[in-house]
Amino acid sequence: MSITLPDFAEVPLASPLAHSPEDYDRIRKAVAYITRKAQHQPSLEDIAGHVGLSVSHFHHLFRRWAGITPKDFLAAVTLDRARDLLRDSASILDATYELGLSGPARLHDLFVTHEAMTPGAFKTGGAGLTISYGFHPSPFGTALVMVAPLGLAGVAFADPGEEAIALADMRKRWPNAELREDSMVTAPYAGRIFDPSRWQADRPLNVVMIGTDFEVRVWRTLLKIPMGRATTYGDIASHIGNPKASRAVGAAVGRNPLSFVVPCHRVIGRSGELTGYHWGLTRKQAMLGWEGGRVRSGTQAA
């Protein structure tokens, strides 16, 4: 069942989107450095120096961005933390399916309600469909947000100067749709996506999934993974009734058009390795750490 979004006209963009454009670039560099040096447990002074900030400025920036200290984030991106994320993941998915619920601690942490486009619309490449798009600041760099008449249709990310590349990548998913740049339409969605205080159960975010039947089944399963946890490609394959389809699941995860909203970043390797991410492994690590900060501080949706 489709539930429409409320009238956004009176809702201002949230403060988390007011970060300066340089914030995520510095965080990205810090995350890459922390990950690369995790085995040696780099000091706060080392990390701050690497991104060209004073210790106090960097500590403040990082806490404001992630909700946790750089030291806690360091723990969140180690392999031990990744293996921690995997613990009980299969039983979480089992319980979700058996009970027909969104799962413990509200697994649909964005309170997403979704529907798939008709097979016909998918096969025609979105012919006759008009999609609005806009670029907006996010905790993970510039976000490309795409909105169709029925709801949110795409979320992608771009590093500085690569916005056209991100748009071209997403455009290939709907080659016959008409794309119109209209940030007035997409800005309210950006606000809903990236501000946890606006993840409200009684105001779900409506998303439109455009893909093959198999892909949509994989993406719906991704919505069952709770914030602060992770699962594997094999577990997802088992839960869609095709335990030998891990490789196909991996391909579907890579084609997820609703990055972050449909949390493909919460899928990691069986050994706990974080593996790749379409929008960059550093960004995946940043997302997991950002979410971990909210889980630890209790600021995720209740």
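Scroll up for the structure.
In this text, all values refer to a predicted model and were calculated from it rather than measured experimentally.

Q: Describe the pairing of strand 2 (residues 130-136), naming the residues involved and giving the relevant values.
A: Among the seven residues in strand 2, five count as buried, and that is most of the element. Note that strand 2 and strand 5 (residues 178-181) share four bridges and pair parallel. By the bridge assignment for strand 5, Tyr-133 is matched with Glu-181. Relative to strand 3 (residues 142-148), strand 2 runs antiparallel, the two being bridged by five bridges. Following the sheet pairing, Phe-135 is matched in strand 3 by Leu-144. Remark: five residues form the turn of the hairpin made by strand 2 and strand 3, two consecutive strands paired antiparallel; Gly-141 in that turn has positive phi of roughly 95°.

Q: Any chance you could break down unusual backbone geometry for me, citing the residues and the numbers?
A: The residue Phe-260 is not glycine, and still its phi comes out positive at about 75°. Within the secondary structure, Phe-260 sits in the loop between helix 12 (246-254) and helix 13 (281-297).

Q: Break down the nonpolar core for me, with residues and values.
A: Grouped burial of nonpolar side chains is what soluble globular proteins tend to show. Core analysis: the biggest nonpolar cluster contains 75 residues, and Trp-65, Phe-140, Leu-152, Phe-157, Leu-222 and Phe-260 have the highest contact counts within it. In contact with Phe-140, not counting residues within four places along its chain, are Tyr-24, Trp-65, Phe-157, Phe-194, Phe-260, Arg-283, Ala-286, Met-287 and Trp-290.

Q: I'd like a rundown of the packing of aromatic side chains, residues and numbers included.
A: Enumeration over the complete set of coordinates arrives at 11 aromatic pairs. On the basis of an interplanar angle of 85° and a centroid distance of 6.0 Å, the ring pair of Trp-65 and Phe-140 is categorised as edge-to-face. One end of the pair, Trp-65, is in helix 3 (residues 55-66); the other, Phe-140, is in the loop between strand 2 and strand 3, and 75 residues separate them in sequence. On the accessibility criterion, Phe-140 (0% relative accessible area) is buried. For the pair Phe-140 and Phe-194, a centre-to-centre distance of 6.4 Å together with 65° between the ring planes defines the contact as edge-to-face. A residue pair is termed long-range when its members are at least 10 positions apart, and Phe-140 in the loop between strand 2 and strand 3 and Phe-194 in helix 9 (residues 183-194) qualify at 54 residues. The exposure classification of Phe-140 matches that of Phe-194, with both residues buried. An aromatic cluster of at least three residues, connected via ring pairs, comprises Phe-58, Phe-62, Trp-65, Phe-140, Phe-157, Phe-194, Phe-260 and Trp-290.

What counts and what doesn't
Sequence order as written defines the numbering, with residues in each chain counted from 1. Whole-chain, interface and lining totals are the exception, using all residues; otherwise, since this is a predicted model, local features are given only for residues with pLDDT of at least 70 and side-chain atom pairs are given and counted only at 80 or more. Note that water and hydrogens are dropped before the side-chain values are worked out from all heavy atoms of the structure. Exposed residues in this analysis have more than 50% of their type's maximum accessible area, buried residues have under 20%, and partly exposed residues fall in between, with area computed by a 1.4 Å probe over protein chains only. Comment: elements are numbered from the N terminus, with helices defined as DSSP H or I runs of at least four residues and strands as E runs of at least two. At least two bridges found by DSSP between two strands are what make those strands a pair. Only buried Ala, Val, Leu, Ile, Met, Phe, Trp, Tyr and Cys residues count toward a nonpolar core, and they belong to the same one when joined by side-chain atoms within 4.5 Å. By the convention used here, residues are in contact when the closest approach between their heavy atoms is within 4.5 Å. Each aromatic pair joins two rings of Phe, Tyr and Trp (for Trp, the six-membered one) with centres within 6.5 Å, and gets the label stacked for planes under 30 degrees apart, edge-to-face for over 60, and tilted for any other angle.

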